[in-house]
Amino acid sequence: MDIKIVFGKVLKELRAEKGVSQERLALEAELDRSYVSALERGIYQPSITKLFDIARVLGVRPGEIIDRVEHEMKES
């Protein structure tokens, strides 16, 4: 499976678990909401800087996001 698709799935799941809307994530991470949507749909992949910003807003370590992506990649 494409890593961008898996990242998007993980991001959407984490965001839902934390009760954070796309709008709130975008605002607090200083991103455009359409960019967050594109990330979740697997159209884009974030830079390392954006990954850290997203993790900060979601209250997780950037490594946790990467670990979850890695786990999903192994599962598929």
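A brief structural summary. These numbers were taken from a predicted model, which means no experiment stands behind them.

**Some thoughts on the pattern of salt bridges**
Side chains bearing opposite charge may pair, as long as their charged atoms lie close to each other.
Here is step 1: On inspection of all chains with the given rule, the structure shows seven salt bridges.
Here is step 2: Note that glutamate 13 is salt-bridged to arginine 68, the shortest N-O span being 4.0 Å. Residue glutamate 13 is located in helix H1 (residues 3-18), and its partner arginine 68 is located in helix H5 (residues 62-75); the two are separated by 55 residues in the primary sequence.
Here is step 3: With relative accessibility at 29%, the residue glutamate 13 sits in the partly exposed group.
Here is step 4: The partner of arginine 15 in a salt bridge is glutamate 40, and the shortest N-O contact between them spans 2.5 Å. Placement of the pair is arginine 15 in helix H1 and glutamate 40 in helix H3 (residues 33-40), with a sequence separation of 25 residues.
Here is step 5: Glutamate 40 sits in the buried class, given a relative accessible area of 11%.
Here is step 6: Three or more residues are tied together by salt bridges with common partners; here these are Lys9, Glu13, Glu17, Arg68 and Glu72.

**Side note on the packing of aromatic side chains**
Here is step 1: With the rule as written, the count across this model stands at one aromatic pair.
Here is step 2: Consider the rings of tyrosine 35 and tyrosine 44, whose centres lie 5.6 Å apart with planes at 25 degrees: the pair is stacked.
Here is step 3: Taking the ring centre of tyrosine 35 as reference, the NZ or CZ of lysine 50 above it sits at 5.9 Å.

Calculation notes
- Residues numbered from 1 in each chain as written.
- Predicted model: local features only at pLDDT ≥ 70, side-chain atom pairs only at ≥ 80, totals over all residues.
- Heavy atoms only, no water.
- Salt bridge = Lys/Arg side-chain N within 4 Å of Asp/Glu carboxyl O.
- Helix = DSSP H or I, 4+ residues; strand = E, 2+ residues; numbered from the N terminus.
- Buried < 20%, exposed > 50% of the residue type's maximum accessible area, 1.4 Å probe, protein only.
- Phe/Tyr/Trp six-rings, centres within 6.5 Å; stacked < 30°, edge-to-face > 60°.
- Lys NZ or Arg CZ within 6 Å of the ring centre and 35° of its normal.

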